[in-house]
Amino acid sequence: MEELLRRGLNTSVVKAFGGSAGGCISQGQSYETDRGLVFVKINSKPEAKMMFDGEAASLEAIQQTYTLRVPKPITVLDMAGGGALFVMEHLKMSHLHRYAAQLGEEIANLHLHNQKLGERLKSNMSTVGKGCAQDALQPVEKFGFHTTTCCGYIPQRNDWQSDWATFFTHQRLQTQMDLIEKDYGDRKARELWAALQLKIPEMFKDMEIVPALLHGDLWGGNVAEDDTGPIVFDPASFYGHSEFELAIAGMFGGFGSSFFSAYHNKIPKAQGFEQRQKLYQLFNYLNHWNHFGTQYRGSSLNLMRKLLQ
């Protein structure tokens, strides 16, 4: 692996330091190189390159908004025996604590960025002499993303869609339900899902949802801080409803009330917020069921029943 890094980074120095790290999906290791410190994620699965390409594209998209600090992606390298390496900037990180409120504000800024681009474009078009001005980034008017991303190791369909409820139902929930049907053939899940699909459009009635760039997997294990402020990593980005981001953030801890207060000072809760949070949490419970097994079945089915009440 060191030789692959030498060639891929055009460096003569590749020296591991610190302990190796890893989550449920990939392993990680920090290295000293001629170009500075880097962090390398390693995954031996055949689909690793697709997964890392999506993560790199997500980091780049977040970086381009200048709202939130993320590790700078450097390159994705194929391993000879299968799998891939993802090389990114090394950041010395600790658990989120002092900067939770700042992170809430910055996540809100990320979510508002695309909306503000659209407002700026309209303003320029109505101002004499500015109609042809081009921003570095143009506003996105649909829901989706320009490439496949993975939440965990499950690929997410990001085909562009003009209607959020349709996108979320078919490209997020249905994808998860198809995997559950394939692996478990769960009759009760099938029955509940058949009924719930009919109710989902009601939860978005009369709502105007502007596509927001999302981190996509904002749980406590994917946020941190250093001496200068908060950091997020391991994104699975797409343009979606800003409320989707908060569901997993509220499920497994790690953020605290100051994060949510700071966020909602910028983006207040809309009517029906709590019910939609249950719907968005359902995606995460189904995703955990598909990753980790039937220990998440009960939570998934109970949430579906609550949504049908």
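See the structure printed just above.
Residues numbered from 1 in each chain as written. Predicted model: local features only at pLDDT ≥ 70, side-chain atom pairs only at ≥ 80, totals over all residues. Heavy atoms only, no water.

**A few points about the nonpolar core**
The biggest cluster of nonpolar side chains holds 73 residues, and the ones touching the most others in it are Leu103, Trp164, Leu173 and Phe204. Formed jointly, this core draws a minimum of three residues from each of two domains, domain 1 (13-93) and domain 2 (95-125 + 138-308). If sequence neighbours within four positions are ignored, Leu103 has contacts with Leu68, Leu96, Val223, Pro230, Val232, Phe255 and Phe259. (Core = buried A, V, L, I, M, F, W, Y, C linked by side-chain atoms within 4.5 Å. Buried < 20%, exposed > 50% of the residue type's maximum accessible area, 1.4 Å probe, protein only. Domains from an automatic or database assignment. Contact = heavy atoms within 4.5 Å.)

**As for the pattern of salt bridges**
Two side chains carrying opposite charge are able to pair once their charged atoms lie near each other. The final tally for this structure, using the stated rule, is 16 salt bridges. For Glu55, the salt bridge is made with Lys41, and the minimal N-O distance between the two is 2.9 Å. Of this pair, Glu55 sits in helix H2 (residues 48-63) while Lys41 sits in strand S3 (residues 36-43), and the two are 14 residues apart along the sequence. Side by side, Glu55 and Lys41 carry an identical accessibility label, which is buried. Each of Glu3, Arg6 and Arg7 takes part in salt bridges that share partners, so that together they form one network. (Salt bridge = Lys/Arg side-chain N within 4 Å of Asp/Glu carboxyl O. Helix = DSSP H or I, 4+ residues; strand = E, 2+ residues; numbered from the N terminus.)

**Digging into the pairing of strand S5 (residues 84-89)**
Most of S5 sits inside the fold, with five of its six residues counted as buried. Where S3 and S5 come together, six bridges link them in antiparallel fashion. From the neighbouring strand, Val38 faces S5, where its bridge partner is Glu89. With five bridges connecting them, strand S4 (residues 73-78) and S5 associate as antiparallel partners. Note that in S5 the partner of Thr75 across the bridge is Val87. A loop of five residues connects S4 with S5, the two strands running antiparallel in sequence, and Gly82 in this loop sits at a positive phi of about 105 degrees. (Pairing = 2+ DSSP bridges.)

By themselves, these observations are geometric and do not establish any function.
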